[in-house]
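Here is what each chain is made of, one letter per residue.
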Amino acid sequence: MGTPSTDYRIYGAELSPYSVKVRSYCRYKSIAHEWINRDMSRMKEFQALAKLPLIPLVLTPDEDVWQDSTPILEKMEARFSTPSIHPEDGVLNFISVLLEEFGDEWGNKMMFHYRWARDVDQISAANRLAASNMPEAGAEELVGISKMIRERMSGRAYFVGSSPETAEQIETSFKETMGLLEAHLANRAYLLGGRPCFGDFGLWAQVYEAWTDPTPKAVLEADFPAVVAWVARMLDPKEEGDFEDWAQLSGTLMPLLREQVGANFLPWSAANAAALESGAETFTVELKGQPYSQQPQKYHGRSLKVLREKYHAVRENRALAEVLREAGCLEWLS
Ligand SMILES: N[C@@H](CCC(=O)N[C@@H](CS)C(=O)NCC(=O)O)C(=O)O
């Protein structure tokens, strides 16, 4: 298991959004950590620790094993509380939680779709994954591994709802989200102002990964310079100032909440959860006036439940309820 360490150890991979999310957080908090690329040479040691075959996995200095990036950040935050990633203001605090979830779930769908939908992106990602998993392999061996990865992963795009029928809706949502973020980030370093919040880590990780894939990278580089600057900034985020208040943020943040979180992500997530409950094999939901169909995704049912519990705990906050109602989010959370 290696030598005992006083550092947190993150088993992850550069192509795993949830892994780089945890790494970005540790860098921001100056938490002593070791980034362990979970390649084949570390697989046995990873498997001996893992309860789920998923990265990131954090091994704490007291040898606790943590998995799942959202609770990992929450547990870290309990230990490394300043500068806090949770605004004191109740409205901003919940918006940050909502954006983290939006990134993890809807952002991941957009990223994963682009990564595995077209030949050029499939080949790029499969080559990088092969090299990351087998750093010792020779060129010829890597070609074979890359082919295997490409075949396996492009077949999995379907699980996140990517299909020829949904491609246009997913890509439109990505471009619209980037446009809304561009306007919002034009005058500020992070989503809520001068320092990153919980939401930055979740949403950034997916956009960062998209920026490494040829097709979405071209989209980002062509039209969204402020988003690209945020992508670079969040690799190693620094505290540059305080959070702003809702009055300063709402002009460009409300459109993102309304047009993407309230109009795409939450109705999709609620329909997904309902389909899981009824045992349906596929579900169709109307998003922005167009039918969208996919097979239900298990993990998302649980994470919507957790989000609803988090909202339930702050439901007495009238200012928050008003913002969420205006954003078309409230009905999906209560
Ligand atoms: N909800 C989990 C998702 C973790 C996850 O889906 N990890 C992917 C990579 S991004 C994974 O480990 N897939 C299997 C593998 O790479 O072996 C989290 O936030 O940590």
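Definitions and cut-offs
Residues numbered from 1 in each chain as written. Predicted model: local features only at pLDDT ≥ 70, side-chain atom pairs only at ≥ 80, totals over all residues. Heavy atoms only, no water. 1 Å grid on protein atoms, 1.4 Å probe; cavity = no way out; pocket = protein on both sides within 12 Å on 5 of 7 lines; lining within 4 Å. Points joined across faces, edges and corners; volume = space filled by probe spheres on them. Nonpolar A, V, L, I, M, F, W, Y, C, P; charged D, E, K, R; others polar. Domains from an automatic or database assignment. Contact = heavy atoms within 4.5 Å. Buried area = accessible area lost by both parts, 1.4 Å probe. Core = buried A, V, L, I, M, F, W, Y, C linked by side-chain atoms within 4.5 Å. Buried < 20%, exposed > 50% of the residue type's maximum accessible area, 1.4 Å probe, protein only. Helix = DSSP H or I, 4+ residues; strand = E, 2+ residues; numbered from the N terminus. Near = heavy atom within 4 Å. Polar contact = N/O pair within 3.5 Å; in protein donor to acceptor, adjacent residues only side chain to side chain. Areas by Shrake-Rupley, 256 points an atom, 1.4 Å probe, with all protein chains shown as cover.

1. Considerations on the layout of surface pockets
Stage number 1. Roughly 1400 Å³ of internal volume is contained in the largest pocket.
Stage number 2. Lining the largest pocket we find 38 residues, and of these Tyr 18, Leu 54, Ile 55, Phe 112 and Arg 156 sit closest to its centre.
Stage number 3. When the residues that make up the lining of the largest pocket are grouped by side-chain class, the tally is 20 nonpolar, 8 polar and 10 charged.
Stage number 4. Residue assignment places the lining of the largest pocket across two domains, with domain 1 (8-79) and domain 2 (90-115 + 160-333) each supplying three or more.

2. Quick look at the domain arrangement of the chain
Stage number 1. Partitioning the chain into domains gives domain 1 (8-79) and domain 2 (90-115 + 160-333).
Stage number 2. One C-alpha centre belongs to domain 1, the other to domain 2; they are set 23 Å apart.
Stage number 3. The interface is formed by 17 residues belonging to domain 1 together with 23 residues belonging to domain 2.
Stage number 4. Between domain 1 and domain 2, a total of about 1600 Å² is buried, with carbon and sulfur atoms accounting for 53% of that surface.

3. Examining the nonpolar core
Stage number 1. Counting 83 residues, the largest nonpolar core has Trp 230 and Trp 246 as its most contacted members.
Stage number 2. Per element, the largest residue contribution to this core is 14 residues, and it comes from helix α11 (residues 246-278).
Stage number 3. In this structure, this core is formed jointly by two domains, domain 1 (8-79) and domain 2 (90-115 + 160-333), each of which donates at least three residues.
Stage number 4. The contacts of Trp 246, once residues within four sequence positions are left out, are Val 91, Leu 92, Ile 95, Leu 253, Met 254, Leu 257 and Val 323.
Stage number 5. Counting residues in hydrophobic clusters, the runner-up holds 13 residues, among them Phe 112, Ala 130, Ile 149 and Val 160.

4. Brief notes about the site of the ligand
Stage number 1. All residues adjacent to the ligand are Ser 16, Pro 17, Tyr 18, Arg 38, Pro 53, Leu 54, Ile 55, Pro 56, Asp 68, Ser 69 and Tyr 299.
Stage number 2. Interatomic distance of 2.8 Å between a backbone N/O atom of Ile 55 and an oxygen atom of the ligand.
Stage number 3. Within the side chain of Ser 69, an N or O atom sits 2.6 Å from an oxygen atom of the ligand.
Stage number 4. For the ligand, the protein covers 72% of the area, taking 510 Å² as the surface of the free molecule.

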